[in-house]
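Take a look at the letters that make up each chain.
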Amino acid sequence: MPTTLLTGSASGIGAATQAALQAAGHRVIGVDLRNADICGDLSSSAGRQAVLQQVLAQTGGVLDGLVLCAGLGPQVQPASKAVSVNYFGVVDLLDGLLPALEKGRQPAAVVVSSVASAQLPWERNPLAAALQAGDEVQAGQIVDGAGDKGGQLAYAGSKNAVTVAVRQRVRTWGQAGVRLNTVAPGAVETPLLQAGLQDTRYAQAIKDFVAPLGRRADPAEIAATVVFLMGPQASFVHGTQLFVDGGMDAMVRPTQF
Ligand code: NAD
């Protein structure tokens, strides 16, 4: 039975992914702020290090799978917190757990990014240099100083950077024998989306964000894609971003892929 670590396991896409992975035969170790096997806070370096220590202690330093789903939306204040969780909560765990995954059986990892990752290209991402340098303080200052635009910048900028971070690791992880991919959901019916709908700054944009399929996703539809990418049927899929967005990305960027 593969042992798979899953962040954001307590809610939304993460909770659906926990159920789907368990149904596919994984032993899942969930990480979240509360209601999880390991309770920890991915928004600070100290919190991330504490989570890593607990993971290594619980698994004996061997992991077969890693799914990084924990994330915050653009409505969160301060906006810098979304950057800390969405970017550093991913790259610190990826880099900290690669040695454990290298020792696993048919190891694989999936990062839950977003369709928003493609809407702010790296070349125009104001957070790119700070995040590439691992400068959490500077990235936080940029978004917290951006006024009303800070939330959207934090969300799209961190999701763009996290997809880039995965793609930049493709050679190292490939040589280590660990497959690594991202899933990019469109609008999914979760508490995160509901929180955005209740915020007057974002409600209209979310309502207008209608995919060609004409509806939002159920979290189970994202979870099914994660399970596919984690499993043997995806054995040659590495370094890719799989959009699960009802056609949104193709509609917005038909000539870019
Ligand atoms: P959600 O709010 O239902 O779940 C997110 C989980 O992350 C929660 O359980 C929360 O407690 C956890 N989390 C937040 N901050 C944390 C921290 N500091 N430490 C540990 N855990 C923390 O949201 P969701 O919609 O299921 O989102 C899951 C992922 O999917 C996120 O990365 C989100 O950006 C991404 N996503 C969601 C949508 C959508 O429309 N819902 C679209 C694209 C991408």
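The structure this text deals with has already been given above.
The numbering scheme is per chain: residues are counted from 1 as the chain's sequence reads. Reporting of local features is limited, given that this is a predicted model, to residues whose pLDDT is at least 70; pairs of side-chain atoms are given and counted only at 80 or more, and all residues count toward the totals for whole chains, interfaces and linings. Just so you know, side-chain values use all the structure's heavy atoms and leave hydrogens and water out.

Any residue with a non-hydrogen atom lying within 4 Å of a molecule or strand is treated as near it. Inspection of the region around the ligand gives 29 residues, with Ser11, Ile13, Asp32, Tyr155 and Thr190 positioned closest. Polar contacts, as used here, are pairs of N or O atoms within 3.5 Å; protein pairs need one atom able to donate a hydrogen and one able to accept it. Residues neighboring in sequence count only if both atoms are side-chain atoms. Asp41 places a polar side-chain atom, nitrogen or oxygen, 2.8 Å from a nitrogen atom of the ligand. Taking 830 Å² as the accessible area of the ligand by itself, protein coverage stands at 93%. With respect to the detected pockets, the ligand is housed in the largest pocket. In this description a helix means any DSSP run of H or I spanning at least four residues, a strand means any run of E spanning at least two, and both kinds are numbered starting from the N terminus. Sorting the residues of the shell around the ligand by element identifies helix H1 (12–23), helix H6 (150–168) and helix H8 (191–197) as the ones contributing at least two each. A per-element tally of the shell around the ligand places H8 first, with 3 residues. A per-class count over the shell around the ligand returns 16 nonpolar, 10 polar and 3 charged. Working definition of accessibility: Shrake-Rupley area with a 1.4 Å probe, residue cover restricted to the visible protein chains. Lining residues are those with an atom within 4 Å of a point, where the points come from a 1 Å grid over the protein atoms alone and group into cavities, where a 1.4 Å probe fits but cannot get out, or pockets, open sets with protein on both sides within 12 Å along at least five of seven lines. Grid points define the cavity or pocket, and a molecule sits in it when more than half of its atoms lie within 2 Å of them. Here the term charged refers only to Asp, Glu, Lys and Arg, the term nonpolar to Ala, Val, Leu, Ile, Met, Phe, Trp, Tyr, Cys and Pro, and the term polar to all other amino acids, Gly among them.

Our focus in this paragraph is the state of the cysteines. Disulfide assignment relies on a single distance test, namely cysteine sulfur atoms paired within 2.5 Å. Under the defined criterion, the tally for this structure stands at 0 disulfides. Cys69 provides the cysteine sulfur closest to Cys39, a residue in no disulfide bond, and the two sulfurs are 16 Å apart. Classification of residues uses two cut-offs on accessible area relative to the type maximum, computed with a 1.4 Å probe and protein chains only: under 20% is buried, over 50% is exposed, and between them is partly exposed. In this structure Cys39 comes out as partly exposed when scored by relative accessible area, which is 41%. The buried category is assigned to Cys69, whose relative accessible area is 11%.

Next up on the list: the environment of Val183. For Val183, the location among the structural elements is in strand S6 (residues 179–185). Under the relative-accessibility criterion, Val183 is labelled buried at 0%. Setting aside chain neighbours within four positions, we find Val183 in contact with Val110, Val111, Val112, Ser113, Ser114, Ile222, Thr225, Val226, Leu229, Leu242 and Val244. Every residue pair with non-hydrogen atoms within 4.5 Å of one another is taken to be in contact.

As for its position among the elements, Asn181 is in strand S6. Ignoring any residue separated from it by four or fewer positions in sequence, one finds Asn181 in contact with Ala109, Val110, Val111, Val166, Leu229, Val237, His238, Gly239 and Thr240.

Turning to the packing of aromatic side chains, a few remarks are in order. Each pair of aromatic rings taken from Phe, Tyr and Trp, with Trp reduced to its six-membered ring, is defined by centres within 6.5 Å and is described as stacked if the planes are under 30 degrees apart, edge-to-face if over 60, and tilted in the remaining cases. Inspection of every chain in the model, using the stated rule, returns 1 aromatic pair. Relative to Phe88, the ring of Tyr87 lies with its centre 4.9 Å away and its plane at 85 degrees, an arrangement referred to as edge-to-face.

What follows concerns the packing of helix H2 (residues 45–59) against helix H3 (residues 79–102). An axis is simply a line fitted to the C-alpha atoms; with a helix, the fit covers only the stretch in contact. Between two such axes, the angle follows the N-to-C directions and lies from 0 to 180 degrees. Interaxial distance between H2 and H3 falls to 10 Å at its minimum, and their mutual angle equals 30 degrees. Our pair here, H2 against H3, has a crossing hand that is right-handed. Note on element contacts: H3 touches H2 through Ser84, Phe88, Gly89, Asp92, Leu93, Gly96, Leu97 and Ala100, opposite Arg48, Leu52, Val55 and Leu56. Here the contact of H2 with H3 is composed, by residue class, of 7 nonpolar, 3 polar and 2 charged. A clockwise turn of the near helix away from the far one marks a right-handed crossing, whereas an anticlockwise turn of less than a right angle marks a left-handed crossing.

Attention now goes to the layout of surface pockets. Volume-wise, the largest pocket comes out at about 1200 Å³. Lining the largest pocket are 48 residues, and of these Gly71, Leu72, Tyr155, Thr190 and Leu192 sit closest to its centre. When contributions to the lining of the largest pocket are tallied by element, the ones reaching two or more residues are H1, strand S2 (27–32), H3, H6, H8 and helix H9 (203–208). With 5 residues, the top contributor of residues to the lining of the largest pocket is H8. Grouping the amino acids of the lining of the largest pocket by side-chain chemistry returns 26 nonpolar, 17 polar and 5 charged. Grid points are joined across faces, edges and corners, and a volume is the space filled by probe spheres set on the points. Of the voids in this model, the second largest pocket is the one considered here, and its volume is about 570 Å³. Those elements that place two or more of their residues in the lining of the second largest pocket are H6, strand S7 (241–244) and helix H11 (248–252). It is H6 that contributes the most residues to the lining of the second largest pocket, 4 residues altogether.

Here we come to H2. The span you would expect from a helix comes to 1.5 Å times its residue count less one. The first and last C-alpha atoms of H2 sit 21 Å apart over 15 residues, in line with the 21 Å expected at 1.5 Å per residue. Among the residues making up H2, those that are buried are Gly47, Arg48, Val51, Leu52, Val55 and Thr59. The arc enclosing the buried residues of H2, seen along the axis, measures out at 135 degrees, which places them on a common side. Among the exposed residues of H2, those pointing more than 90 degrees away from its buried face are Ala46, Gln53 and Ala57. For H2, the secondary structure elements touched by its buried residues are strand S1 (3–7), S2, strand S3 (38–39), H3 and helix H5 (136–144). The arc in question is formed by the directions pointing from the helix axis toward the C-beta atoms.

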